[in-house]
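Residue strings, one per chain:
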Amino acid sequence: MNNASVVAEVDLQGLLDGLLQGPLRSMTPLEQAIFRIRFELGMPDVLRPLARLYGERPDFAAQLETLLDIVARAYADRPAELRLLDLRRVSEPDWFQQPNMIGYVCYVDRFAGDLAGVRDRIPYLKELGITYLHLMPLLKPRPGPNDGGYAVMDYRAVNPAYGTMDDLRELATALRHEGISLCVDLVCNHTAKEHEWARKAVAGDPVYQGYYYLFPNRALPDQYELTLPEVFPDFAPGNFTYYDSCQRWVWTTFNEYQWDLNYTNPAVLAEMLDIMLFLANQGVEILRLDAVAFMWKRLGTDCQNQPEAHAILQAFRALTRLAAPGLLFKAEAIVSPDKLLPYLGLGAATNKECEIAYHNSFMVLLWSSLAERRAVLMTHALQNMPDTPVGCAWLTYVRCHDDIGWAVRDEDAAAIGLSGFLHRAFLSDFYSGRFPGTFARGVTFQHNPKTGDRRISGTLASLAGLEAAAERQNWHDLDLAVRRILLLHAMILVLNGIPIIYMGDELGLLNDRRYLDDPHLADDNRWIHRPYLDWNQAGQRHDWQTVTARIFHATCDMIQARKHTLSLHAEARCYAVWTHNEQVFGMIRASARGRLLVLANFTERDQTVPRHRVHDMGFKGELVDRLEGKVLDSWSDLKLEPYRVLWLEQVSET
Ligand code: GLC
């Protein structure tokens, strides 16, 4: 049977009646009517991906019923305040695309001790202008090493060191009342090997063995390995691990203790759906879906970005929207631009997959331009990226809790006369502090001798030169480092998406080597850029003599500037332009809301952009720089001081 006939056979009316008489029976007529509308509008989006995934199964109808039952129960359980939130979100669908959206990401313990501590720090977040808070993994992890919380043993409990589910719910409510949306991680590609499902699988329960990829011998793993890359070649080589306890090889893409879930089994999808809605009903507004590229395996491929991985996300989205349409999905897919766009939904799935995705390429290109002191690769690569679908937002960031992998495409490098391989090697040398004259103080993460890849760890401030300048007590270098930090933040604030400030970057926190003293962390140098927030240093933000204050206040000012610049709405097109000066990056944001020209000097020298070029791009007469509020005259060439960024709008044509 093909997918269309599977879908045609579904008795929608019968399903709806079953739900209304079952889990929804005690709801008010209005609440039932709302569900009915969502069901009628949403079921085609539910059925399309599900038929693709499971349409061949004889029990398709029963599986569908199970999923809808989960949805209906979650709808019935959804607290009244969150139902009102749904109404608000549906009434303002572009809420997350507006320029006032500013994100912050932190570890609960490293930021504020525990969840109650985070609540106490809401005033600090508001001082910065934050409207979106991503708390790093906070569900109950396995004991011992847990990959920074990405090995979850219970999705319905909070890490006891941080508090309880009640604390999480209270925090979500408190944040929401202050205009801050809570985002949490949902590790949906794998569980900890200590998760109840994995334990039952080890004990021989065939139902739970079907939740994972288990192999009796190396025959299939060997075949898969022929085309599989390694994520952690250094401390977790290979993609399979043998366990004596169950005498099986288990698929473990990441660490040995992270077992990949098997989504060919619809029971896994059902479990994860239930967890998503459970979290949404606690008040979580955005789920960061971890490692989504890996969710479907196919022999002979790299087992990433498979069409079925997209179908899984589309099914999750369509199903969750029936119960909690306010919930957003953020895809963590650190893949090349052509593979990335589909996570935002293309073609029939436009606006039907994830609303937000990490713009990894932009992040890498920023660092590349900074090292090279020219923006040619960035301009070329961005010009060759397809347009972002409307209705979505990139997550724009300078760095995150992970390493930076030099995802520069060979084609893009070649097009501007560079060797991709050598350029990536240069970036690794530059940011690990090996390149002569470099300002950066990063460390190499996961050197892979087979591919030559060397990824980089380090905080924004250390990579941008603050650590080296502080060591040398060189005020000029210190000034340049601060300018680089601000340049990078000005850039992520201007793209079509939600900018995320990584905890401590607003204060210029340096690399923190204390992780080396913790045996659970010592072998993973990503901890070097996951420092504890030093509240003493944070206190210096009010002392104008300090570098901390300079970075903090300039960052706050830029955030405020963004919030008041309508043309930065995520819907506005975003395209890179040549400025007739290789050292100055140019980009235009354009929509009915206005046009804005971004110019960014990626060097430590003054640069000029010829006025005729600025005119050619349609910016004439008096221009206002939205970042500093100053009026400039475009009748002379535009001058940019070292690392200066301008956000120019035309005031009037003369
Ligand atoms: C994501 C996380 C990373 C983690 C991996 C495995 O890529 O960002 O920190 O190691 O998933 O869960």
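Up top is the structure these notes are about.
Per chain, residue numbering runs from 1 following the sequence as it is written. Two thresholds apply to this predicted model, a pLDDT of at least 70 for residue-level local features and 80 or more for giving and counting side-chain atom pairs, whereas whole-chain, interface and lining totals are computed over all residues. Side-chain metrics in this entry use all non-hydrogen atoms of the structure; hydrogen atoms and water are not considered.

### Thoughts on the overall build of the protein chain
Looking only at helices and strands, one finds 25 helices and 25 strands in the protein chain. C-alpha atoms define the radius of gyration in this analysis, and the globule rule sets the expected value at 2.2 Å times the number of residues to the power 0.38. Here the C-alpha atoms of the protein chain give a radius of gyration of 25 Å, agreeing with the 26 Å that 2.2 N^0.38 yields for 654 residues. Structurally, the protein chain occupies a C-alpha span of about 70 × 55 × 50 Å along its principal axes. Here, two residues are considered to be in contact whenever any of their heavy atoms come within 4.5 Å of each other. The long-range share in the protein chain, meaning contacts at least 24 apart out of those at least 6 apart in sequence, stands at 71%. A helix here means a DSSP run of H or I that spans at least four residues, while a strand means a run of E at least two residues long, and both kinds are numbered starting from the N terminus.

### Focus: the site of the ligand
Close to the ligand lie Asp147, Tyr150, His190, Phe232, Phe254, Gln258, Arg288, Asp290, Glu332, His401, Asp402 and Arg526, which account for all nearby residues. Side-chain atoms alone can form a polar contact between residues adjacent in sequence; in general such a contact is a pair of N or O atoms within 3.5 Å, and within protein one must be able to donate a hydrogen while the other accepts it. Separating an oxygen atom of the ligand from a side-chain N or O atom of histidine 190 is a distance of 2.9 Å. Here an oxygen atom of the ligand sits 2.4 Å away from a polar atom, N or O, in the side chain of aspartate 402. Areas reported as accessible are Shrake-Rupley estimates using a 1.4 Å probe. Residue values count occlusion only from the protein chains shown. Across the complex, the protein chains shield 95% of the 310 Å² of accessible surface that the ligand would expose by itself. The domain limits used here are those given by an automatic or database domain assignment. Three or more residues apiece are contributed to the shell around the ligand by two domains, here domain 1 (97-188 + 289-563) and domain 2 (190-260). What makes a residue near a molecule or strand is one non-hydrogen atom of that residue sitting within 4 Å of it.

### A closer look at the nonpolar core
Only buried residues count toward a nonpolar core, which is a set of Ala, Val, Leu, Ile, Met, Phe, Trp, Tyr and Cys residues joined through side-chain atoms within 4.5 Å. Working definition: with a 1.4 Å probe on protein chains only, accessible area under 20% of the residue-type maximum means buried, over 50% means exposed, and in between means partly exposed. Formed by 217 residues in total, the largest nonpolar core has its most connected members in Tyr104, Tyr263, Trp367, Tyr431 and Trp647. It is helix H22 (residues 475-492) that provides the largest number of residues to this core, a total of 11 residues.

### Considerations on the packing of aromatic side chains
Each pair of aromatic rings taken from Phe, Tyr and Trp, with Trp reduced to its six-membered ring, is defined by centres within 6.5 Å and is described as stacked if the planes are under 30 degrees apart, edge-to-face if over 60, and tilted in the remaining cases. Using the criterion set out here, one finds 36 aromatic pairs in the structure. Taken together, a centroid distance of 5.4 Å and an interplanar angle of 85° make the contact between tyrosine 212 and tryptophan 259 edge-to-face. Of this pair, tyrosine 212 sits in the loop between helix H11 (206-209) and strand E7 (214-215) while tryptophan 259 sits in strand E10 (residues 258-260); the two residues are 47 residues apart in sequence, bridging distant segments of the chain. Accessibility expressed as a relative area gives 2% for tyrosine 212, which makes it buried. Following the ring pairs from residue to residue traces out a cluster consisting of Trp367, Trp406, Phe426, Phe430, Tyr431, Phe435 and Phe439. For arginine 218, the ring lying beneath its charged end belongs to tryptophan 249, and the centroid distance is 4.4 Å. Geometrically, a charge over a ring is one whose NZ (Lys) or CZ (Arg) sits within 6 Å of the ring centre while staying within 35 degrees of the ring normal. Sitting above the plane of the phenylalanine 552 ring, arginine 541 keeps its charged end 5.4 Å from the centroid.

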